[in-house]
Amino acid sequence: HLSMTGEVTLNGKVLVVGGIKEKLLAAKSASATDMIMPEACRHQYEELSDEIKQGINVHFVDQYEQVRKIAFDYEDLVQNDSTTLQALHPVHRSQILKIPAE
């Protein structure tokens, strides 16, 4: 339930993008609970109404390493919550629970 927006350079810098309102609404309509967004877009995000921002956690990043940590370190993100674990792909769930993939 993770969505992302932004552009990443070959050096790993995450660049600003436009259309944050539309991208946030699209992520929410796709049932995303978390969204990774460029730090440089924070001002666009802060201008949005609370109603639009409600229901999704936004993670602001400026380097690819931050994106990787959020997107691929599921154990930290889900904190072993059973509902979230069941929603994960079986391979990712098996990595967290240390069991073979289905």
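Residues numbered from 1 in each chain as written. Predicted model: local features only at pLDDT ≥ 70, side-chain atom pairs only at ≥ 80, totals over all residues. Heavy atoms only, no water.

What follows deals with a nonpolar patch on the surface. Together, Val 8, Tyr 64 and Phe 72 give the surface a local cluster of nonpolar side chains, amounting to about 310 Å² of exposed area. Structurally, the position occupied by Tyr 64 is in helix H4 (residues 64-72). (Patch = residues over 30% accessible without salt bridge, like charges linked within 9 Å, V, L, I, M, F, W, Y side chains within 5 Å. Areas by Shrake-Rupley, 256 points an atom, 1.4 Å probe, with all protein chains shown as cover. Salt bridge = Lys/Arg side-chain N within 4 Å of Asp/Glu carboxyl O. Helix = DSSP H or I, 4+ residues; strand = E, 2+ residues; numbered from the N terminus.)

Turning our eyes to something else, we now look at the pattern of salt bridges. In this structure the tally under the stated criterion is 3 salt bridges. The salt bridge involving Arg 42 is made with Glu 39; its shortest N-O contact spans 2.6 Å. Under the relative-accessibility criterion, Arg 42 is labelled partly exposed at 30%. Note that Glu 65 and Arg 68 form a salt bridge whose closest N and O atoms lie 2.7 Å from each other. Of this pair, Glu 65 and Arg 68 both sit in helix H4, separated by 3 residues, roughly a single helical turn. (Buried < 20%, exposed > 50% of the residue type's maximum accessible area, 1.4 Å probe, protein only.)

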